[in-house]
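# Secondary and tertiary structure notes
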Amino acid sequence: MVFLRVSRRLMMLGSGALVLVASACGDSSTAPGGESETISRVTLTLTPPAGAALTTYIDDGDGNGPTAPTAQVGVPALVKGVTYSGVVKFENRLSSPVEDITEEVKSESNEHRVFYTVTGNGVTVTTTDVDTQNRPLGVRFNTAVTGTASGNGTMRVVLCHYDGAAKVATATTCTGETDIDVTFNYTIAP
């Protein structure tokens with residue numbers, strides 16, 4: 001009788017531990033509605049049809065914390081009349097080893113979208129990649145610079161995570177949760 005009571009208690013404790021483990025496994029950022037990513041660096045690389053790629057990045061030392069991102073490293077000088085192939089990279093440099101969040105964004109493409117907003121004369125950005133449902137993703141893009149482009153400008157990069165909101169193919173701004181929002185400067189080469 002004593003053995004039976006002890007066995008029942010052990011079974012109940014074991015079942016409770018199994019439920020706790022199962023609950024912890026279900027809290028994954030790969031599950032729909034998962035948690036947002038921690039991003040501490042955003043890098044833009046713009047590659048012209050000929051010549052060297054232009055690379056610039058902004059660090060955010062506390063990820064999604066209250067401290068503002070640091071100053072941009074490298075300001076690209078865009079050439080008039082050139083269309084650049086662009087790629088954005090998101091990293092969590094607060095973890096060891098460094099985590100490439102871009103891979104997660106691509107593997108969870110139906111839950112993410114990168115939005116670009118350009119200020120300045122004669123520069124446009126067009127997304128060139130899509131998710132599995134043929135909606136824009138934005139990890140890859142083209143940056144077209146007209147022959148009459150002039151002055152300086154900015155390119156705002158917003159990584160949107162669709163937690164509870166629907167991802168709409170025709171959206172022009174983020175309607176979900178913002179994982180990161182940084183603004184890069186650029187110049188037009190004389």
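In what follows, the accompanying structure is described. Fair warning: this is a prediction, and the values are worked out from it, not measured in the lab. (Residues numbered from 1 in each chain as written. Predicted model: local features only at pLDDT ≥ 70, side-chain atom pairs only at ≥ 80, totals over all residues. Heavy atoms only, no water.)

## Let's talk about the overall build of the protein
- For the protein, the count of helices and strands is 2 helices and 8 strands.
- In the protein, which comprises 190 residues, the share counted as buried stands at 35%.
- In the protein, the share of contacts with a sequence separation of at least 24, taken over all contacts with a separation of at least 6, comes to 66%.
- In the form shown here, the protein has an accessible surface area of approximately 10400 Å², with 58% of it arising from carbon and sulfur atoms. (Helix = DSSP H or I, 4+ residues; strand = E, 2+ residues; numbered from the N terminus. Buried < 20%, exposed > 50% of the residue type's maximum accessible area, 1.4 Å probe, protein only. Contact = heavy atoms within 4.5 Å. Areas by Shrake-Rupley, 256 points an atom, 1.4 Å probe, with all protein chains shown as cover.)

## Focus: the side chain of Ser-40
- With respect to the helices, strands and loops of the structure, Ser-40 is situated in the loop between helix H1 (2-26) and strand S1 (41-47).
- Ser-40 gets classed as buried once you look at its relative accessible area, which sits at 5%.
- At 2.6 Å, the side chain of Ser-40 forms a polar contact with the backbone nitrogen of Arg-93.
- Beyond its immediate sequence surroundings of up to four residues, Ser-40 is in contact with Ile-58, Asp-59, Asp-60, Glu-91, Asn-92, Arg-93 and Leu-94. (Polar contact = N/O pair within 3.5 Å; in protein donor to acceptor, adjacent residues only side chain to side chain.)

## Examining unusual backbone geometry
- Of note, the bond from Ser-96 into Pro-97 is cis; its omega dihedral lies within 30 degrees of zero at 5°.
- For Pro-97, the position within the fold is in the loop between strand S4 (83-92) and strand S5 (99-100).
- A positive phi angle is found at Asn-134, which is not glycine, with a value near 65°.
- With respect to the helices and strands, the residue Asn-134 is situated in the loop between strand S6 (112-127) and strand S7 (140-161).
- Take Asn-134: its relative accessible area is 61%, and that puts it in the exposed class.

## Considering the pattern of salt bridges
- With the rule as written, the count across this model stands at 7 salt bridges.
- Asp-59 serves as the salt-bridge partner of Arg-41, at 2.6 Å between the closest nitrogen and oxygen. With a gap of 18 residues between them, Arg-41 in strand S1 and Asp-59 in strand S2 (residues 54-59) connect regions that are remote in the sequence.
- By relative accessible area, which is 14% here, Arg-41 ends up buried.
- It is possible to trace a salt-bridge network through shared partners that takes in Lys-89, Glu-91 and Arg-93. (Salt bridge = Lys/Arg side-chain N within 4 Å of Asp/Glu carboxyl O.)

## Re the state of the cysteines
- A full pass over the atoms with the stated rule returns 1 disulfide.
- The residue that forms a disulfide with Cys-160 is Cys-174, at a sulfur-sulfur distance of 2.1 Å. What sets the handedness of the Cys-160 and Cys-174 disulfide is the S-S torsion sign, and at about 70° it is right-handed. Of this pair, Cys-160 sits in strand S7 while Cys-174 sits in the loop between S7 and strand S8 (177-188), placing them 14 residues apart in sequence. (Disulfide = S-S within 2.5 Å.)

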